[in-house]
Amino acid sequence: QTTTKTYEPFLSSMAATTSFSSSLSLISKPNNPYTNKPLLLFPKPFLKPPHLSLLPSSISSSPSLIHGVSSYFSSPSPTEDHSHTPFDYNNEDDEKPREECGVVGIYGDPEASRLCYLALHALQHRGQEGAGIVTVSNEKVLQTITGVGLVSEVFNESKLDQLPGEFAIGHVRYSTAGASMLKNVQPFVAGYRFGSIGVAHNGNLVNYKTLRAMLEENGSIFNTSSDTEVVLHLIAISKARPFFMRIIDACEKLQGAYSMVFVTEDKLVAVRDPYGFRPLVMGRRSNGAVVFASETCALDLIEATYEREVYPGEVLVVDKDGVKSQCLMPKFEPKQCIFEHIYFSLPNSIVFGRSVYESRHVFGEILAAESPVECDVVIAVPDSGVVAALGYAAKSGVPFQQGLIRSHYVGRTFIEPSQKIRDFGVKLKLSPVRGVLEGKRVVVVDDSIVRGTTSSKIVRLLREAGAKEVHMRIASPPIVASCYYGVDTPSSEELISNRLRVEEINEFIGSDSLAFLSFDTLKKHLGNDSKSFCYACFTGDYPVKPTEVKVKRGGGDFIDDGLVGSFENIEAGWVR
């Protein structure tokens, strides 16, 4: 699963020749083009008329209904006989925005690799399918270990012993397609005519295919399907001097989202795109070691003090002379990803200068104020809905209880019995507490609805546990458009809010009422900072216009509630 390689500098006049551990090839497969549709906002809940059936005939007979709704709604009979094949709980139907990766950089600590390992562990929620670390040895040689699996599975004491040095970069990534995805696990390392360089990237480049075609036309050879490899080639062919100017020269050709850390024989460099789509923070340990990470929770674990964000468009160079800031890239109005505060980041992190916990708590309070309903108990879909549910309960005066218990010990596959268990994937992850739910009017708070199928299964699960009424409250506005900036979302046509009105979604998932967080109220809560966030997934208004097929790469994020999403589901993120 893991390999160790030593990279020596070698000459290359045109492009970087990259060396990686094992193999995977991704084939681009575009889905239907994005269809622009006005955003429908319903701050008040839509109550389900008791006489209507679960799925209205107007929906079931609609020829334009996306297959993500129509084909997933009907499940086989519980008594249907089938073979004992492994059940992939990730291959359930409804993905939420899944974070594709997290990055770490450390300079000036004799235990850099171990600290990097711990920081990656703190960022494990941003990617669970692969991890890697690159260090620079005392002989100024870049050494790397990458592997498939969790951080604790990829690294052990003996592997960390093979990564000496005082500075390091690391990366965790989410799942991707194919059986041999190891070669796409970052960090990537390459040798070119001026030495060696390693890079770890969080984000997604919207002009990747154009850049790659240009580079290949000039003789560059690519070893992965990742857009991150383009960055290495651009640095290699740059004529700029010194090294950080080569990075700036390369980044000026990039369009889209990127928060990256680079390492060379004597430098650590952190870069953030001019819009600041993805987060990147800087901290410092008591011994003076400089740390970069995607979230402040990584700083907390390794006892580094948070200093500030890496600013949009900023290049930070760390070497023996200290930290130098270069803001030489074009600067635009920041467009930071709002979903970091809704779903991606841990509640204990400070992201874009705001507490994630406080944001989610306020989102829950807003839901309670704008979409109240008579209820007996407030519960959350764990883990991402918990803080918003606490806010809802506090504002409404209704007690919060754990009505759903989540299992954190589910592997990727399970052997399902021949007599099919309905909603098997959800039941593996979530267990209802009958004593909390039975005979109660229940408000269920979740962070988002993407395709709607997991929500319908959760509602059914709660009713089977005795809930008298189930009212869904979603702590984000409806998602109507796919993301191109490092978040792996289904195509726009598969997003249920892009196809159905709120009342129709309410009917589809089978809840007694449904309400989303109001988009206007969300922006009002953000105040003067509201213009600094990207809302493309809620509006379809893209700060950087996507002109290519969405690249599937494993360095950004995937919308997933942790219950679903699989290697086979990877095509869901392909969009024109």
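Each remark here, short or long, concerns the structure printed above.
Definitions and limits used
- Residues numbered from 1 in each chain as written.
- Predicted model: local features only at pLDDT ≥ 70, side-chain atom pairs only at ≥ 80, totals over all residues.
- Heavy atoms only, no water.
- Helix = DSSP H or I, 4+ residues; strand = E, 2+ residues; numbered from the N terminus.
- Buried < 20%, exposed > 50% of the residue type's maximum accessible area, 1.4 Å probe, protein only.
- Areas by Shrake-Rupley, 256 points an atom, 1.4 Å probe, with all protein chains shown as cover.
- Axes fitted to C-alpha atoms, helices over the stretch in contact; angles between N-to-C directions.
- Parallel < 35°, antiparallel > 145°, perpendicular 65-115°, else oblique.
- Left-handed = near helix turned anticlockwise from the far one by under 90°.
- Contact = heavy atoms within 4.5 Å.
- Nonpolar A, V, L, I, M, F, W, Y, C, P; charged D, E, K, R; others polar.
- Polar contact = N/O pair within 3.5 Å; in protein donor to acceptor, adjacent residues only side chain to side chain.
- Phe/Tyr/Trp six-rings, centres within 6.5 Å; stacked < 30°, edge-to-face > 60°.
- Pairing = 2+ DSSP bridges.
- Core = buried A, V, L, I, M, F, W, Y, C linked by side-chain atoms within 4.5 Å.
- Arc of directions from axis to C-beta.

Lay out the overall build of the chain in plain terms, naming residues and giving numbers.
Each helix and strand in the chain was counted, giving 19 helices and 31 strands. Expressed as a percentage of its 576 residues, the buried residues of the chain come to 61%. Of the roughly 20900 Å² that the chain leaves accessible, carbon and sulfur atoms contribute 52%.

Quick one: what's the story with the packing of helix α11 (residues 356-370) against helix α12 (residues 386-396), residue by residue and with numbers?
The geometry of α11 relative to α12 is characterised by a closest axis approach of 6 Å and an angle of 45° between their N-to-C directions. By the angle class used here, α11 and α12 are oblique. In this structure, α11 meets α12 at a crossing whose hand is right-handed. Residues Tyr-357, Arg-360, His-361, Gly-364, Glu-365, Leu-367, Ala-368 and Ala-369 of α11 form the contact with α12, whose own contacting residues are Val-387, Ala-388, Leu-390, Gly-391, Tyr-392, Ala-394, Lys-395 and Ser-396. When its residues are assigned to classes, the contact of α11 with α12 shows nine nonpolar, four polar and three charged.

I'd like to hear about the side chain of Arg-246, residue by residue, with values.
Position of Arg-246 among the secondary structure elements: in helix α8 (residues 243-251). One polar contact links the side chain of Arg-246 to the main-chain carbonyl oxygen of Ile-235, over a distance of 3.1 Å. When residues no more than four places from it in sequence are discounted, the contact partners of Arg-246 are Tyr-192, Arg-193, Phe-194, Ile-235, Ala-236, Ser-238, Ala-240 and Arg-241.

An account of the packing of aromatic side chains is requested, with residue identities and associated values reported.
For the structure on display, the rule yields 14 aromatic pairs. On the numbers, 6.3 Å between centres and 75° between planes, the contact of Tyr-485 with Tyr-542 is edge-to-face. Note that Tyr-485 is positioned in the loop between β27 (469-474) and β28 (487-488) and Tyr-542 in the loop between α19 (536-539) and β31 (557-558), a separation of 57 residues in sequence. The residues Tyr-485 and Tyr-542 share a single accessibility class, namely buried.

Residues and numbers for the pairing of strand β18 (residues 322-326), please.
Pairing of strand β17 (residues 315-319) with β18, which is carried by five bridges, proceeds in the antiparallel orientation. Across the sheet, Val-317 pairs through a bridge with Lys-324, a residue of β18.

Describe the nonpolar core, listing the residues and the values that go with them.
Soluble, globular proteins show a tendency: their nonpolar side chains are buried together. Counting 49 residues, the largest nonpolar core has Ile-338, Phe-339, Val-378, Tyr-485, Leu-522, Tyr-535 and Phe-538 as its most contacted members. Elements represented by at least two residues in this core include exactly α10 (339-344), α11, β22 (377-380), α12, β26 (441-446), α18 (519-526), β30 (533-534) and α19. For this core, the leading source of residues is α11, giving five residues. Excluding residues that lie within four positions of it along the chain, Ile-338 makes contacts with Leu-522, Leu-526, Phe-533, Cys-534, Tyr-535 and Phe-538. In terms of nonpolar packing, the next biggest core, distinct from the first, is built from 30 residues, Val-231, Ala-250, Phe-262 and Val-315 among them.

With reference to specific residues and values, describe α18.
Taken together, the buried positions of α18 are occupied by Phe-519, Thr-521, Leu-522 and Leu-526. Down the axis of α18, the buried side of the element spans an arc of 165°, and every buried residue falls inside it. Of the residues in α18, the exposed ones pointing more than 90 degrees away from the buried face are Asp-520 and Lys-524. Among the structural elements, β21 (354-355), α11, β30 and α19 are those in contact with the buried residues of α18. Just beyond α18, the residue with positive phi is Gly-527, at close to 60°.

From the geometry alone we can't say anything about function, so treat these as descriptive.
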